[in-house]
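# Coordinates in review
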Amino acid sequence: MTQVSFELNATDGTARAGVIHTARGDIRTPAFMPVGTAATVKAMLPESVRATGADVLLGNTYHLMLRPGAERVARMGGLHRFMNWERPILTDSGGFQVMSLAGLRKLTEDGVTFKSHIDGSKHMLSPERSMEIQALLGSDIVMCFDECPALPAEVSVVADSMRLSMRWAKRSREAFGDRPGHALFGIQQGGVTQELRAESAEKLTEIGFDGYAVGGLAVGEGQEAMFGVLDYAPGMLPEGKPRYLMGVGKPDDVVGAVKRGIDMMDCVLPSRSGRTGQVFTRRGVLNIKNARHQDDPRPLDEDCACPACTGYSRAYLHHVFRSQEIISSMLLTWHNLQYYQELMAGMRDAIAAGGFAAWEAAFHAERAEGDIEPV
């Protein structure tokens, strides 16, 4: 079976372009992964997600273990068959969701005991159980189990959490074992403290993973602090392995992360925003529910080839959103996901051509112009 490997094809400054080879297909990097939390990208068919240009989806261990259950998914032939997506899937470990349960969880060295947000039933997640669940799901890229404290937090709290995550990373590596055709990524922690990030990276590299994530960001620290960490954190990780920034983000976050050496990202923002009427375009963000769009015959973005832009006016999209018609979520989500994929494609091309700085300047300049009102 094809081993998961990373081919670095071009660099431009610290920005990188390459390919992650997997048994289920190649992932072009930098890559944005749409989030399919409960084995579906909300309001989208799998073939529609693929049509936007997505090479890989993200599934959620926590939600899938609770409903429908990892063992049930395995009996149905695994997550790819279950959700009719035959290309690569990355699953997160469940750690972030469990940590966000606050009073519903209890943390020990062994793992986390928590109550389901669905029915209050008790469950245990440990590095070993997380690896077992992700194996049952059949994910191509597995994330090690970690703890992610919200920021801001005391340095001592972040340090204790990071070191626990490193002990869990070692247990995750041992429990994952030898699985040809599947990859395990480690997760760097350490908050916004450079020394802790360095300690975490050193430990992860010593353990040895197929890829490395920069975790513990986009959890309340703000963009300036996040970029401050990304100025040094990716460079602490092995150059020949993919680097994944978890849970990011807005378009300017994505561009700033790629500029600083990140290869992979995920975020619920484009799909969630589509359901709430927020639309991403080359000239910035639109709110389709605003009255200014009710008589506007233009598409959302005349340079976009998605069905929302090629077949429907802003006036129509305003109408179906205000009328709470399901087609609104379908069309706006498709547009947002396609916008993100075209953003990634533009960066891949710019890096390959050695023109990332010019591309980035044009990206910011076009957004600064804002949306042009109809005459």
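Report on the accompanying structure. In this convention, every chain numbers its residues from 1, walking through the sequence in written order. Where totals are concerned, whole chains, interfaces and linings use all residues; where local detail is concerned, this predicted model gives features only for residues with pLDDT of at least 70, and gives and counts side-chain atom pairs only at 80 or more. To obtain the side-chain values, all non-hydrogen atoms of the structure were used and water was disregarded.

## A short note on empty space enclosed by the protein
Empty space among the atoms can be located by rolling a probe the size of a water molecule over them. Definition in use: Every definition here rests on a 1 Å grid over the protein atoms only: cavities are sets of points where a 1.4 Å probe fits but cannot get out, pockets are open sets enclosed by protein on both sides within 12 Å along at least five of seven lines, and lining residues have some atom within 4 Å of a point. Grid points are joined across faces, edges and corners, and a volume is the space filled by probe spheres set on the points. When residues are grouped by polarity, Ala, Val, Leu, Ile, Met, Phe, Trp, Tyr, Cys and Pro land in nonpolar, Asp, Glu, Lys and Arg in charged, and all others, Gly among them, in polar.
With the rule as written, the count across this model stands at 1 cavity of 30 Å³ or more. In this structure, the largest cavity encloses a volume near 40 Å³. As for the largest cavity, its lining consists of P149, L151, V158, S161, M162, Q189, G190, G191 and G216. Split into classes, the residues belonging to the lining of the largest cavity amount to 4 nonpolar, 5 polar and no charged.

## A short note on the pairing of strand β5 (residues 57–60)
Note the following rule: Each residue gets one of three labels from its accessible area relative to the maximum for its type: buried under 20%, exposed over 50%, partly exposed in between, using a 1.4 Å probe on protein chains only. A run of DSSP states H or I qualifies as a helix once it reaches four residues; a run of E qualifies as a strand once it reaches two. Both are numbered from the N-terminal end. Only strands joined by at least two bridges in the DSSP assignment are considered to pair.
Burial of β5 is two-sided: the residues L57 and G59 facing one way and the residues L58 and N60 facing the other way are all buried. As paired strands, β5 and strand β6 (residues 89–92) are joined by 4 bridges and run parallel to one another. Its bridge partner being in β6, L57 is matched across the sheet by I89.

## Some thoughts on the layout of surface pockets
Volume-wise, the largest pocket comes out at about 710 Å³. The wall of the largest pocket is formed by 32 residues, among which F96, Q97, G247, D266 and V268 lie closest to the centre. Listed by contribution, the elements that provide at least two residues to the lining of the largest pocket are β5, α5 (95–99) and α11 (269–275). Of the residues that constitute the lining of the largest pocket, the class distribution is 12 nonpolar, 14 polar and 6 charged. Counted as a void, the second largest pocket has a volume near 250 Å³. Of the residues belonging to the lining of the second largest pocket, the class tally is 4 nonpolar, 1 polar and 9 charged.

## Looking at the environment of K170
Within the secondary structure, K170 sits in helix α7 (residues 155–176). Classification of K170 as partly exposed rests on a relative accessible area of 39%.

## As for the sheet that holds strand β1 (residues 5–12)
Using the following cut-off: Every axis corresponds to a line fitted to the C-alpha atoms, with the helix fit spanning only the stretch in contact, and the corresponding angles, defined between N-to-C directions, vary from 0 to 180 degrees. In what follows, a contact means two residues having at least one pair of non-hydrogen atoms within 4.5 Å.
The strand order β1-β2-β3 describes an open sheet built from 3 strands, whose pairing is antiparallel. Taken across any chain shown, the strands that pair with only one partner, and hence form the sheet edges, are β1 and β3 (25–29). The sheet shows a mean angle of 15° between the axes of neighbouring strands, direction not considered. Its contacts with the sheet place helix α14 (residues 326–353) against β1, β2 (15–22) and β3, and it is angled at close to 65° to β1.

## Some remarks on the sheet that holds strand β8 (residues 112–115)
Strand order in the open sheet made by the 3 strands is β7-β8-β9, with antiparallel pairing throughout. Strands with a single pairing partner mark the edges of an open sheet, and in this sheet they are β7 (105–107) and β9 (122–125). Averaged over neighbouring strand pairs, the angle between their axes works out to 15° when direction is ignored. Where β8 and β9 come together, 4 bridges link them in antiparallel fashion. Note on β9: the bridge partner recorded for K115 is K122.

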